[in-house]
Number of protein chains: 2
Amino acid sequence: MIDNAYVTIITNEYYYHGAVALGISLCKTDTKYRKVVLVSDGVNQELRNNLRTIWDEIIQIDVLDSKDIRHLSLIGRPELGVTFSKLLVWELIQFKTCVFLDADTIVLRNIDELFCRDELSAAPDIGWPDCFNSGVFVFKPCLETYRNLLKLAGDVGSFDGGDQGLFNTYWVNWVNEQDKRLPFIFNVAINMSYFYNAAILKFKRDIRVLHFLGLDKPWLRPCYVSSENVGKNLDTSRDEFYAKWWDFYNEKDTYFNRNEVHKSKTEH
Amino acid sequence: MIDNAYVTIITNEYYYHGAVALGISLCKTDTKYRKVVLVSDGVNQELRNNLRTIWDEIIQIDVLDSKDIRHLSLIGRPELGVTFSKLLVWELIQFKTCVFLDADTIVLRNIDELFCRDELSAAPDIGWPDCFNSGVFVFKPCLETYRNLLKLAGDVGSFDGGDQGLFNTYWVNWVNEQDKRLPFIFNVAINMSYFYNAAILKFKRDIRVLHFLGLDKPWLRPCYVSSENVGKNLDTSRDEFYAKWWDFYNEKDTYFNRNEVHKSKTEH
Ligand SMILES: O=c1ccn([C@@H]2O[C@H](COP(=O)(O)OP(=O)(O)O)[C@@H](O)[C@H]2O)c(=O)[nH]1
Ligand SMILES: O=c1ccn([C@@H]2O[C@H](COP(=O)(O)OP(=O)(O)O)[C@@H](O)[C@H]2O)c(=O)[nH]1
Ligand SMILES: [Mn+2]
Ligand SMILES: [Mn+2]
């Protein structure tokens, strides 16, 4: 289905690691759909080449910031900068339905069924569960929506300074629409603070997407080197989830090298 | 309306402080309904007298524990002990509809409208938002429900060892019933870990019930002595909420003394 795509965005090298692990997790959970990553100038050619071995499409974007003349007039809020680059995904009108995934997520079990959902479908945010978390959402690319969001960003702004506050202002009725509510298993927030361990344990096998919300990104924690350590020196669910991220990330060389072989073949 | 009641439970002196502040908050937000507190042997006569100046009814309960012969056979899990005492509220069949409030909650604005809701209505839990938090819920006292819950406790147990895990097993379909979902403003969890500050700020004025979840109970934090300090040496929303608890609690002597006057009058 060429109409459907998974989409993420990375504006710098920091989130590149996330896109590597996320892309591999999508491959290994056998998605039928296209995998698209939006990159800005902050991601150099070598990194793009690596990503290309995992993702189907790399699309260049201009970060929505003060240098962006095209949008400046609409936003009128240059200080909001990179924060609103996520809005650009609504420009991907070559696709009908997309699933956006933050670069700090990984897919543990196939989630292709999400493409049956309508815009805007998302899971509750653990901080204020009557808002949705904007790390995973189903959307329909559309230039009008894109312009409306930009206008809202300029007129009202975002109550949290980021895309989540903006989207929750635009889709303010989300909380009242049962069919737009994704089960929490599609966006399970894992971080170093509050953690309802018993529930995580109970629903562990059902978890589809892990989201490493906040500052403790898994690529900053090489101690969780792989799942093999879980039960030996790692033992909480949290450790286990960080290790799962590393399990995907550690496979990167297989992907990168596969491309090397491919490249040298083509060059002959 | 004699058919409706707010209900809390305290099994010891620790939670007594909570019941004092909660009761005062219900008075000051002008509830029309009865206020009932269940107390066990862990709460002495002096404390009960104090509570009686704020709450309409003090009801003696036996903690559901291994010494409780009546329930032991049903539960068959003596180790679960005090945890399941919350089940006893279903025995209050003199009432038709009740709103249960944990002793570590306070009401900021009148919530009497909750009595129009059906069983079991509750707000999402911030740890796993597809489960409800059992600190605030609407229920219909009923001996059969009570027995069913006890049986479930014995047969299956609770996935978190507490009432919340048990209730979420019994009302497992809660997440699919939009009308059973209370807005988060009816049970806003405040604690020392994760905190979505921007959302709290945005929705602050709408908040009806604060819930001091976890270990940082406000009575352990006398530093937040009153709201007058907010903006001086206190300034986060979190501090402000702890101070609000103290504002209620600090009024206790007015209530206690009022009763003294009343008592001495009666004694003459
Ligand atoms: O400087 C940035 C910040 C964010 N992002 C993208 O925006 C998402 C949201 O940011 P993040 O996941 O760090 O926010 P959180 O989920 O922790 O709130 C990231 O996953 C990236 O996909 C990015 O590309 N560059
Ligand atoms: O030893 C106990 C433990 C709990 N409770 C009651 O059960 C509620 C739930 O416990 P708590 O609020 O501490 O749990 P949390 O909301 O932090 O998960 C308390 O508010 C009290 O009403 C009690 O009376 N005695
Ligand atoms: Mn994220
Ligand atoms: Mn509580």
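It should be emphasised that the depicted structure is a prediction, and the values quoted were computed from it without experimental measurement. (Residues numbered from 1 in each chain as written. Chains lettered and ligands numbered in written order. Predicted model: local features only at pLDDT ≥ 70, side-chain atom pairs only at ≥ 80, totals over all residues. Heavy atoms only, no water.)

Novice: Describe the interface of chain A and chain B, listing the residues and the values that go with them.
Specialist: Chain A puts 32 residues into the contact, and the matching count from chain B is 32 residues. With both chains or domains summed, chain A and chain B bury close to 2,800 Å², and 69% of this area falls on carbon and sulfur atoms. Seen at the junction of chain A and chain B, the total is 0 salt bridges. Across the chain A-chain B interface, the total number found is 4 residue pairs in polar contact (both at pLDDT 80 or more). (Contact = heavy atoms within 4.5 Å. Buried area = accessible area lost by both parts, 1.4 Å probe. Salt bridge = Lys/Arg side-chain N within 4 Å of Asp/Glu carboxyl O. Polar contact = N/O pair within 3.5 Å; in protein donor to acceptor, adjacent residues only side chain to side chain.)

Novice: Go over the side chain of K180 of chain A, please, and point to the residues and values.
Specialist: Residue and element names in this part refer to chain A. Mapped onto the fold, K180 is located in the loop between α5 (163-170) and β8 (188-189). Assessed through its relative accessible area of 11%, K180 is described here as buried. Excluding anything up to four places from it in sequence, K180 contacts D118, E119, L120, S121, A122 and W174. (Helix = DSSP H or I, 4+ residues; strand = E, 2+ residues; numbered from the N terminus. Buried < 20%, exposed > 50% of the residue type's maximum accessible area, 1.4 Å probe, protein only.)

Novice: Would you mind going over the site of ligand 2 in detail, with residue names and values included?
Specialist: Residues and elements named next belong to chain B. The immediate surroundings of ligand 2 are formed by I9, I10, T11, N12, Y15, D102, A103, D104, H211, L213, G214 and K217. The separation between an oxygen atom of ligand 2 and a polar side-chain atom of N12 is 3.3 Å. Between ligand 2 and D104 there is a distance of 2.8 Å, counted from an oxygen atom to a side-chain nitrogen or oxygen. In isolation ligand 2 exposes 520 Å². Once the protein is present, 74% of that is buried. Among the residues making up the shell around ligand 2, the classes are represented as 5 nonpolar, 4 polar and 3 charged. When we break the shell around ligand 2 down by domain, the ones giving at least three residues each are domain 1 (4-182) and domain 2 (188-267). (Near = heavy atom within 4 Å. Areas by Shrake-Rupley, 256 points an atom, 1.4 Å probe, with all protein chains shown as cover. Nonpolar A, V, L, I, M, F, W, Y, C, P; charged D, E, K, R; others polar. Domains from an automatic or database assignment.)

Novice: Residues and numbers for the relation of the copies chain A and chain B, please.
Specialist: For the pair chain A and chain B, the relating rotation is 180 degrees, the translation along its axis is 0.0 Å, and the fit reaches an RMSD of 0.0 Å. Here the symmetry operator amounts to a two-fold rotation axis. Ranked by how close their C-alpha atoms come to the rotation axis, the residues of chain A are headed by I126 of chain A, at 2.4 Å. (Least-squares fit on C-alpha atoms with pLDDT ≥ 70 in both.)

Novice: Can you break down the coordination of the manganese ion (ligand 4) residue by residue, with the values?
Specialist: All names here are of chain B. Within the protein, the atoms that donate to the manganese ion (ligand 4) are D102 (OD), D104 (OD), D104 (OD) and H211 (NE2), at distances of 2.2 to 2.3 Å. One can describe the donor arrangement at the manganese ion (ligand 4) as irregular, given that its 6 donor atoms subtend angles of 57 to 175 degrees at the metal. Read N to C, the donor residues that coordinate the manganese ion (ligand 4) are spaced as D-x1-D-x106-H. The pair formed by D102 and D104 is uniform in burial state, with each residue classed as buried. (Donors = N, O, S within 2.8 Å, 3.2 Å for Na, K, Ca; no water. Tetrahedral: all angles 85-135°; square planar, octahedral: opposite > 155°, others 65-115°.)

Novice: Please set out the coordination of the manganese ion (ligand 3) residue by residue, giving values where relevant.
Specialist: All names here are of chain A. Coordination of the manganese ion (ligand 3) by the protein involves D102 (OD), D104 (OD), D104 (OD) and H211 (NE2), with metal-donor separations of 2.2 to 2.3 Å. One can describe the donor arrangement at the manganese ion (ligand 3) as irregular, given that its 6 donor atoms subtend angles of 56 to 174 degrees at the metal. In primary sequence terms, the donor set of the manganese ion (ligand 3) follows D-x1-D-x106-H. Separated by 107 residues along the polypeptide, D104 in the loop between β4 (97-101) and β5 (105-107) and H211 in strand β9 (residues 209-211) bring together distant segments of the chain. Under the relative-accessibility criterion, D104 is labelled buried at 4%. We classify H211 as buried; its relative accessible area is 2%.

Novice: How would you summarise the packing of aromatic side chains if you had to cite specific residues and measurements?
Specialist: Residue and element names in this part refer to chain B. In total, this model carries 46 aromatic pairs over all chains according to the counting rule given. Between Y14 and W219, the ring centres sit 5.3 Å apart and the planes meet at 80 degrees, which makes this aromatic pair edge-to-face. Taken together, the residues Y14 in helix α1 (residues 13-28) and W219 in the loop between β9 (209-211) and α7 (237-249) connect sequence positions 205 residues apart. On the basis of relative accessible area, Y14 is assigned to the partly exposed category, the value being 34%. (Phe/Tyr/Trp six-rings, centres within 6.5 Å; stacked < 30°, edge-to-face > 60°.)

Novice: So what's going on with the site of ligand 1? Residues and values would help.
Specialist: Residues and elements named next belong to chain A. Close to ligand 1 lie I9, I10, T11, N12, Y15, D102, A103, D104, H211, L213, G214 and K217, which account for all nearby residues. Taking G214, its main chain carries an N or O atom lying 2.8 Å from an oxygen atom of ligand 1. Between K217 and ligand 1, the recorded distance is 2.9 Å, taken from a side-chain N or O atom to an oxygen atom. For ligand 1, whose accessible area on its own is 510 Å², the fraction buried by protein is 74%. Its residues placed into classes, the shell around ligand 1 shows 5 nonpolar, 4 polar and 3 charged.

Novice: I'd like a description of the sheet that holds β9 of chain A, backed by residues and values.
Specialist: All names here are of chain A. Strand order in this open sheet of 3 strands is β5-β9-β8, and the pairing throughout is mixed. Only two strands of the sheet have a single neighbouring strand rather than two, namely β5 and β8. By the bridge criterion, 3 bridges tie β5 to β9 in an arrangement that is antiparallel. Within β9, the position partnered with V107 by the bridge is V209. (Pairing = 2+ DSSP bridges.)

Novice: Tell me what's going on with the side chain of S134 of chain A, and back it up with residues and numbers.
Specialist: Residue and element names in this part refer to chain A. For S134, the position within the fold is in strand β7 (residues 132-139). Within the local environment of S134, its side chain forms a polar contact with the side chain of D163, the two groups lying 2.6 Å apart. Setting aside residues no more than four positions away along its own chain, S134 makes contact with K86, F100, D102, D163, Q164 and F167.

Novice: Kindly report on helix α5 (residues 163-170) of chain B, identifying the contributing residues and their values.
Specialist: Residues and elements named next belong to chain B. In terms of burial, α5 is a largely internal element, 6 of the 8 residues being buried. Among all positions of α5, only D163, Q164, G165, L166, F167 and N168 are buried. Taken together, the buried residues of α5 touch β7 (132-139) and α4 (143-155).

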